[in-house]
Amino acid sequence: MPVRKPKVIVTRKLPDAVETRMRELFDTELNLDDAPMTKAALIDAVGRCDVLAPTITDEIDAEVIAAAGERLKLIANFGAGVDHIDVAAAAAKGIGVTNTPGVLTEDTADLTMALMMAVSRRIVEGANLTQAGGFSGWTPTWMMGRRLTGKRLGIIGMGRIGQAVARRAKAFGMSIHYHNRKPVSPRIAEELEATYWESLDQMLARMDIISVNCPHTPATYHLLSARRLKLMQPHAILVNTARGEIIDEAALAELLAANAIAGAGLDVFEFEPAINPKLLKLPNAVLLPHLGSATVEGRIDMGEKVIINIKTWMDGHRPPDRVLPGML
């Protein structure tokens with residue numbers, strides 16, 4: 001007798017190769033028009049599937065989880081961050097949660113460096129001006145930015161992505177500093193020539209560029225508060241490719257408008273997809289539409305991780321990327 005394929009509901013459009021493989025392996029229901037699912041639709045989905053495969057746009061809160069049927073045993077998230085999922089509520093109901101760590105590291109680190117360069121060298125501002133017909137010829141003092149070589153980079157969160165950013169920044173001749181819950185191993189610290197700051201406040205006050213690379217958890221919500229943002233030097237630049245909620249976005253907009261901070265490069269926003277209107281008008285803010293993992297290779301790798309997690313669970317084993325409440 002053939003083994004019943006688990007019912008998997010995918011909440012958003014995924015790469016064709018990923019969706020095709022999921023259809024082959026599972027009884028998969030796809031979201032063909034890619035419209036974000038409403039809460040009512042999510043509640044309907046968890047009531048009739050074995051596995052839900054959501055993305056960061058889906059709020060899988062306690063109410064949604066409470067509506068889950070007896071069949072639902074796994075939430076296989078397409079993405080590394082799980083702050084949109086009530087992991088504790090899922091665990092209490094016997095529902096496993098998995099994510100897709102590791103595969104986004106290099107892409108996110110690349111984009112972080114791109115934002116550093118874009119803000120430091122005013123690349124977007126210059127491109128917009130040129131395309132609008134505003135370039136009338138080279139002059140010695142026009143559109144001057146700042147070089148990266150020799151600058152001090154302060155990394156908040158020295159996990160996989162933070163370390164990948166540090167390796168790239170070191171190649172640019174930058175001095176590496178970081179704040180983390182604990183120091184990295186002596187081997188990594190020596191490789192990166194990285195200086196550890198136990199005090200985030202002290203690091204913020206001394207850096208030329210700050211890169212946010214930590215996850216969003218209750219402990220990191222508004223980690224960069226208005227008070228902490230004011231510690232940054234007037235020539236400093238802030239880059240965030242992690243989660244928007246880590247920064248007090250309204251306070252950042254005020255400081256950028258007053259030139260109390262030189263610039264910011266943001267790929268994520270506090271109330272995404274909404275963006276503070278003040279940020280949209282600032283020439284010293286480079287704003288991207290959450291492109292951190294937006295490479296063909298990265299998104300396929302994410303999908304393959306989702307498939308492996310589901311397949312491992314289906315075979316009666318512990319999924320390799322299980323997320324537990326105590327890990328958050």
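Everything numeric in this text was worked out from a predicted model, so none of it was measured. (Residues numbered from 1 in each chain as written. Predicted model: local features only at pLDDT ≥ 70, side-chain atom pairs only at ≥ 80, totals over all residues. Heavy atoms only, no water.)

**Points about the packing of aromatic side chains**
Alright, step 1. The full count for this structure, using the stated rule, is 2 aromatic pairs.
Alright, step 2. Taking 6.2 Å as the distance between ring centres and 10° as the angle between the ring planes, the aromatic pair formed by Phe135 and Trp142 counts as stacked. (Phe/Tyr/Trp six-rings, centres within 6.5 Å; stacked < 30°, edge-to-face > 60°.)

**Overview of empty space enclosed by the protein**
Alright, step 1. Throughout the structure, instances matching the rule amount to 2 cavities of 30 Å³ or more.
Alright, step 2. For the largest cavity, the calculated volume is near 60 Å³.
Alright, step 3. The wall of the largest cavity is formed by Ser120, Arg146, Arg147, Leu148, Lys151, Asp208, Ile209, His235 and Ile237.
Alright, step 4. Among the residues forming the lining of the largest cavity, the class breakdown is 3 nonpolar, 2 polar and 4 charged.
Alright, step 5. When its volume is computed, the second largest cavity comes out at roughly 40 Å³.
Alright, step 6. Of the residues that constitute the lining of the second largest cavity, the class distribution is 4 nonpolar, 2 polar and 1 charged. (1 Å grid on protein atoms, 1.4 Å probe; cavity = no way out; pocket = protein on both sides within 12 Å on 5 of 7 lines; lining within 4 Å. Points joined across faces, edges and corners; volume = space filled by probe spheres on them. Nonpolar A, V, L, I, M, F, W, Y, C, P; charged D, E, K, R; others polar.)

**A closer look at unusual backbone geometry**
Alright, step 1. Cis geometry marks the peptide bond from Glu272 to Pro273; its omega dihedral reads 10°.
Alright, step 2. Positionally, Pro273 belongs in the loop between strand S11 (263-266) and helix H12 (277-280).
Alright, step 3. Positive phi, normally seen in glycine, also occurs at His290, with a value near 55°. (Helix = DSSP H or I, 4+ residues; strand = E, 2+ residues; numbered from the N terminus.)

**Some details on the UniProt feature "domain: D-isomer specific 2-hydroxyacid dehydrogenase NAD-binding" (unreviewed entry) in the protein chain**
Alright, step 1. If you check UniProt for "domain: D-isomer specific 2-hydroxyacid dehydrogenase NAD-binding" (unreviewed entry), the listed places come out as residues 113-292 in our numbering.
Alright, step 2. Taken end to end, residues 113-292 is 32% helix and 16% strand, and its first and last C-alpha atoms sit 11 Å apart. (UniProt positions renumbered as here; feature names shortened; annotations may be inferred.)

**Here's the deal with the UniProt feature "domain: D-isomer specific 2-hydroxyacid dehydrogenase catalytic" (unreviewed entry) in the protein chain**
Alright, step 1. The positions UniProt marks with the feature "domain: D-isomer specific 2-hydroxyacid dehydrogenase catalytic" (unreviewed entry) are residues 17-323.
Alright, step 2. Taken end to end, residues 17-323 is 37% helix and 13% strand, and its first and last C-alpha atoms sit 25 Å apart.

**Structural notes on the pairing of strand S6 (residues 152-156)**
Alright, step 1. Of all the 5 residues making up S6, 4 are buried; the element is thus mostly covered by neighbouring parts of the structure.
Alright, step 2. Bridge count for S6 against strand S7 (residues 175-179) is 5 bridges, and the pairing is parallel. Its bridge partner lying in S7, Gly154 is registered against His177.
Alright, step 3. After leaving S6, the chain enters helix H7 (residues 160-171) and then returns to the sheet as S7, a path that is right-handed.
Alright, step 4. Sheet analysis places S6 next to strand S9 (residues 209-212), joined by 4 bridges and oriented parallel. Counterpart to Ile156 in the pairing with S9 is Val212. (Buried < 20%, exposed > 50% of the residue type's maximum accessible area, 1.4 Å probe, protein only. Pairing = 2+ DSSP bridges. Right-handed = clockwise from strand over helix to strand, strands pointing away.)

**Some remarks on the environment of Val184**
Alright, step 1. Here Val184 shows up in the loop between S7 and helix H8 (186-192).
Alright, step 2. Taking the C-alpha atoms as reference points, Val184 and Gly69, separated by 115 residues in sequence, lie 43 Å from one another.
Alright, step 3. Leaving out residues up to four positions away in the same chain, Val184 has contacts with Met158, Gln163, Tyr178 and Ala189. (Contact = heavy atoms within 4.5 Å.)

**Some points on the layout of surface pockets**
Alright, step 1. A volume near 310 Å³ is recorded for the second largest pocket.
Alright, step 2. Along the walls of the second largest pocket sit 18 residues, with Val119, Ser120, Arg122, Met144 and Ala262 positioned nearest its centre.
Alright, step 3. Of all the elements in the fold, those that place two or more residues in the lining of the second largest pocket are helix H5 (105-120), helix H6 (123-131) and strand S12 (285-287).
Alright, step 4. In terms of residue class, the lining of the second largest pocket is built from 10 nonpolar, 5 polar and 3 charged.

**Examining helix H1 (residues 16-25)**
Alright, step 1. Val18, Glu19, Met22 and Leu25 are the residues of H1 that are buried. Take H1 and look down its axis: the buried residues cluster within an arc of 130°, on one side only.
Alright, step 2. Among the structural elements, strand S1 (7-10), strand S2 (27-29) and helix H13 (296-314) are those in contact with the buried residues of H1. (Arc of directions from axis to C-beta.)

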